Amino acid sequence: IKSLAQQDPKAEPYLKAVSEQFDMNTGYLIQMDYIREDIMRETSAEGEGSIWMKGLKYKIEVNEFIVYFDGEKLYSQNTDAEEVYVSEPDPDQPGYLQTVPIRIIKAYEQDFKYMLMGITNFHGKDRLEIQLYPKDVSGPYSLLKIFVNQHDQKLEAFQLKHKEGIQYTMFLTEIKGKQAYDESLFRFNPSEYPETEFIEL
């Protein structure tokens, strides 16, 4: 039995390759297909989403949900319910990891134990699978699996398991780099949604 207590050196070249695909000083637009499964209730939903990101800042849009992070404040908007929740994640808390996608990619040595699982047939395609376990177990997620192309080491998909029995699978369909973004993209703009209720957490 492989031990989950350490960082598998065989996984490191692939994690490094994925990390080097993303530059903290460059803007990216990522298009993805996703599956959200509720393991307990045996329900699932599928859809498409987009991520705009530059460094720690990002905006994610999936169906009626839009999440913005401007580096300090996190805005979680539900356009159907006309509500937006505002919070300030603490960089020292384990949950901060999940509020900043690039932090997972860039800080894998600091934040995770990991293991190379080898070639896996994942949704009909052979990919290299790496499993990552948060070092701090008090956060909301128990396991992150990333799937990379075995030939060019590009990140193709990832799967996140929430402790409450929700599993998110994301397939990256397109990654556009060198995007120029205005800082306002990463903040909720009340004038665009005048009917939305603002809820501070």
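Cut-offs applied
- Residues numbered from 1 in each chain as written.
- Predicted model: local features only at pLDDT ≥ 70, side-chain atom pairs only at ≥ 80, totals over all residues.
- Heavy atoms only, no water.
- Helix = DSSP H or I, 4+ residues; strand = E, 2+ residues; numbered from the N terminus.
- Rg over C-alpha atoms; globule rule 2.2 N^0.38 Å.
- Buried < 20%, exposed > 50% of the residue type's maximum accessible area, 1.4 Å probe, protein only.
- Contact = heavy atoms within 4.5 Å.
- Pairing = 2+ DSSP bridges.
- Salt bridge = Lys/Arg side-chain N within 4 Å of Asp/Glu carboxyl O.
- Core = buried A, V, L, I, M, F, W, Y, C linked by side-chain atoms within 4.5 Å.
- Axes fitted to C-alpha atoms, helices over the stretch in contact; angles between N-to-C directions.
- pLDDT = per-residue confidence, 0-100.

### Let's talk about the overall build of the protein chain
Link 1 in the chain: Within the protein chain, the regular secondary structure consists of four helices and twelve strands.
Link 2 in the chain: Radius of gyration (C-alpha) of the protein chain: 17 Å, near the 17 Å computed for a compact globule of 201 residues.
Link 3 in the chain: When its C-alpha atoms are laid out on the principal axes, the protein chain stretches across 55 × 40 × 35 Å.
Link 4 in the chain: By residue count, 46% of the 201 residues in the protein chain fall in the buried class.
Link 5 in the chain: The long-range share in the protein chain, meaning contacts at least 24 apart out of those at least 6 apart in sequence, stands at 50%.

### Some points on the environment of Ile39
Link 1 in the chain: Within the element layout of this structure, Ile39 appears in the loop between strand 1 (27–38) and strand 2 (43–54).
Link 2 in the chain: In sequence terms Ile39 and Leu201 are 162 residues apart; their C-alpha atoms lie 28 Å from each other.
Link 3 in the chain: Non-local contacts of Ile39, meaning those with residues more than four positions away in its chain, are made with Gly165 and Gln167.

### A look at the pairing of strand 3 (residues 57–62)
Link 1 in the chain: Where strand 2 and strand 3 come together, six bridges link them in antiparallel fashion. When the bridges of strand 3 are listed, Gly49 appears paired with Val62.
Link 2 in the chain: The antiparallel hairpin formed by strand 2 and strand 3 contains two residues in its connecting segment, where Gly55 sits at a positive phi of about 60°.
Link 3 in the chain: Adjacent in sequence and paired antiparallel, strand 3 and strand 4 (residues 65–69) are bridged by two residues, among which Asn63 carries a positive phi angle near 55°.

### Considering helix 1 (residues 12–20)
Link 1 in the chain: Within helix 1, the full set of buried residues consists of Leu15, Ala17, Val18 and Ser19.
Link 2 in the chain: Buried residues along helix 1 sit in contact with helix 3 (101–106), helix 4 (108–111), strand 7 (112–122), strand 8 (125–134), strand 9 (141–148) and strand 10 (155–162).

### As for the side chain of Lys59
Link 1 in the chain: Position of Lys59 among the secondary structure elements: in strand 3.
Link 2 in the chain: Sequence-distant contacts of Lys59, defined by excluding residues within four places in its chain, comprise Ser50, Ile51, Trp52, Ile66, Val67, Tyr68, Leu185 and Phe186.

### Quick notes on the pattern of salt bridges
Link 1 in the chain: According to the stated counting rule, one finds seven salt bridges in the structure shown.
Link 2 in the chain: Here Glu183 makes a salt bridge to Lys57, at a shortest N to O gap of 2.3 Å. With Glu183 in the loop between strand 11 (166–179) and strand 12 (197–200) and Lys57 in strand 3, the pair connects residues that are 126 residues apart, well separated along the chain.

### Some thoughts on the nonpolar core
Link 1 in the chain: Membership of the largest hydrophobic core comes to 34 residues, with the highest contact counts inside it found for Leu15, Phe22, Met53, Tyr114, Ile130, Leu132 and Ile146.
Link 2 in the chain: Ignoring sequence-local partners within four residues, the contact set of Ile146 consists of Leu15, Val18, Leu128, Glu129, Ile130, Leu132, Leu155, Ala157 and Phe158.
Link 3 in the chain: With six residues, the next largest nonpolar core counts Ile66, Tyr68, Val86 and Phe188 among its residues.

### Describing the sheet that holds strand 8
Link 1 in the chain: Spatial ordering of the open sheet is given by 7-8-9-10-11-1-2-3-4-5-6-12, a layout of twelve strands whose pairing is mixed. The outermost strands of the open sheet, each flanked by one partner alone, are strand 7 and strand 12. Adjacent strand axes in the sheet meet at a mean angle of 20° when their direction is disregarded.
Link 2 in the chain: Where strand 10 lies against strand 11, five bridges are found, and the strand directions are antiparallel. Across the sheet, residue Ala157 finds its bridge partner in strand 11, namely Phe171.

### Here's the deal with the confidence of the model for the protein chain
Link 1 in the chain: Of the residues in the protein chain, 95% have a pLDDT of 70 or more, and the chain-wide mean is 89.
Link 2 in the chain: No element of the protein chain has a lower mean pLDDT than helix 2 (residues 96–99), which averages 62, and none a higher one than strand 7, which averages 95.

### A closer look at the pairing of strand 6 (residues 83–87)
Link 1 in the chain: Taken together, the five bridges between strand 5 (residues 74–78) and strand 6 define a ladder with antiparallel strand orientation. Its bridge partner being in strand 6, Ser76 is matched across the sheet by Tyr85.
Link 2 in the chain: Hairpin connection between strand 5 and strand 6: a loop of four residues separates the two successive antiparallel strands, and Glu82 in this loop has a positive phi of roughly 55°.
Link 3 in the chain: As paired elements, strand 6 and strand 12 share four bridges and run parallel to each other. Bridged to Glu83 within strand 12 is Glu197.

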